[in-house]
Amino acid sequence: MNRLQQAVHANDGKALLGAAAYFYDPVFLEICAHLGYQAIWIEMEHGHITFAEAADLCRMAAGTGMLTMIRIPDVRRENVLKGAECGPDILDVPMIESAAQMHDLREYARFAPQGSRGMFSVSRAINYGIPGDVVAKQQKLNTGLCLMAQIETSTAVDRVEELAAVPDVDLFIGPADLAASFGVPGQTSHSSVQQAASKIVKAARIHDKCVATACAPEEFGFWLGLGIDLLFCANDISCLKQAASDMLGNARKALLHISKNSARDLKETRV
């Protein structure tokens, strides 16, 4: 079993709950750990996190017991290799539409004989080669590192049986991009998106694949009802926005209340 499968099994088969880090902030990661989040998503597709920062976040998360997922931009060998050397538990790639892309991911992320990942005997992924027996560590990593392909276009959904059949690669469903691909941008709860999600999960289960996604709070029930394995239910930016908005709203209410009381007191004084 890979590390995601192991974590789901240890969680009695229930979905793991995670948060996404879109920028480099160890404080956010540590807060998530204290709150009880079980996984952290390190964003390198849309965000500006570097590989060095991603490795640091993996290092910090490892000390908390949280799973780590790095989303790299694509399946180019350079990105797959550097992402894998950071030592995450899950390596995720967006916008997968072909089995060939998934095979490339496996090829670059797995050591021989399963793939052609380059030999680097002192990376974080194999504990810097300590205490030794690098080849044994590499073979263990071949099993332990979870690889994920994001299914987030209508083309990918049409090919989902073929994609799910590719061995050794789990599936991540991207609702926002699916909605856009189906011509209903922003409507992640649209019936076309939900039907596609059900189809993807069904195909994944046929091939014993784990399934992950991220969604807004109002859609938690739908996704958890599908029996997915990993749900990213928050991110640093949304948490900042929500908390900042709530605090400002509370302060404005207090200010309005005080202003009304002051006006009333002034009126009574004049009378």
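Note: the structure precedes this text.
Residues numbered from 1 in each chain as written. Predicted model: local features only at pLDDT ≥ 70, side-chain atom pairs only at ≥ 80, totals over all residues. Heavy atoms only, no water.

### Regarding the overall build of the protein chain
And then number 1: On a plain count of helices and strands, the protein chain comes out with 12 helices and eight strands.
And then number 2: In the protein chain, which comprises 271 residues, the share counted as buried stands at 45%.
And then number 3: Taking contacts inside the protein chain between residues at least 6 apart in sequence as the whole, the part at least 24 apart equals 63%.
And then number 4: Side-chain charges of the protein chain comprise 25 positive and 31 negative groups, with the mean position of each set lying 5 Å from the other. (Helix = DSSP H or I, 4+ residues; strand = E, 2+ residues; numbered from the N terminus. Buried < 20%, exposed > 50% of the residue type's maximum accessible area, 1.4 Å probe, protein only. Contact = heavy atoms within 4.5 Å. Lys, Arg positive; Asp, Glu negative; His and termini not counted. Charge placed at Lys NZ, Arg CZ, Asp CG, Glu CD.)

### What about the state of the cysteines?
And then number 1: A complete count under the given rule lists zero disulfides for this structure.
And then number 2: Lacking any disulfide linkage, C32 is separated from the closest cysteine sulfur, that of C239, by 6.4 Å.
And then number 3: Take C32: its relative accessible area is 2%, and that puts it in the buried class. (Disulfide = S-S within 2.5 Å.)

### Describing the pairing of strand β4 (residues 90-93)
And then number 1: Of the two faces of β4, both are covered, the one formed by I90 and D92 as well as the one formed by L91 and V93.
And then number 2: Here strand β3 (residues 67-71) pairs with β4 via three bridges, running parallel. Bridged to R71 within β4 is D92.
And then number 3: Handedness of the crossover is the feature at issue here: the chain leaves β3, passes through helix α4 (residues 77-85), returns alongside β4, and the resulting connection is right-handed.
And then number 4: The pairing of β4 with strand β5 (residues 146-151) spans four bridges and is parallel. Bridged to L91 within β5 is L147. (Pairing = 2+ DSSP bridges. Right-handed = clockwise from strand over helix to strand, strands pointing away.)

### Let's talk about the nonpolar core
And then number 1: In terms of nonpolar packing, the biggest core is built from 63 residues, with I40, I70, L91, M102, L105, I173 and I200 touching the most fellow members.
And then number 2: Among the elements that make up this core, the one with the highest residue count is helix α10 (residues 191-206) (seven residues).
And then number 3: Every residue in contact with L105, bar those within four places of it in the chain, is listed here: V75, V80, L91, V93, L147, M148 and V169.
And then number 4: Formed by 17 residues, the second largest nonpolar core is a distinct cluster that contains V8, A20, L67 and F172. (Core = buried A, V, L, I, M, F, W, Y, C linked by side-chain atoms within 4.5 Å.)

### What to know about the side chain of T188
And then number 1: Checked against the element boundaries, T188 lands in the loop between α9 (175-181) and α10.
And then number 2: Relative accessible area serves as the criterion here: at 19%, T188 is assigned to the buried category.
And then number 3: There is a polar contact of 2.5 Å between the side chain of T188 and the side chain of E219.
And then number 4: When near neighbours in sequence (up to four residues on either side) are disregarded, T188 contacts P175, A176, A179, V193 and E219. (Polar contact = N/O pair within 3.5 Å; in protein donor to acceptor, adjacent residues only side chain to side chain.)

### Things to note about the pattern of salt bridges
And then number 1: Taken as a whole and assessed by the stated rule, the structure comprises 11 salt bridges.
And then number 2: Where K14 meets D12, a salt bridge forms, and the shortest distance between an N and an O atom there is 3.9 Å.
And then number 3: The residue R71 makes a salt bridge to E43 at a minimum N-O spacing of 2.8 Å. With R71 in strand β3 and E43 in strand β2 (residues 39-43), this pair connects stretches of sequence that are 28 residues apart.
And then number 4: Each of E43, E45 and R71 takes part in a single network of salt bridges with overlapping partners. (Salt bridge = Lys/Arg side-chain N within 4 Å of Asp/Glu carboxyl O.)

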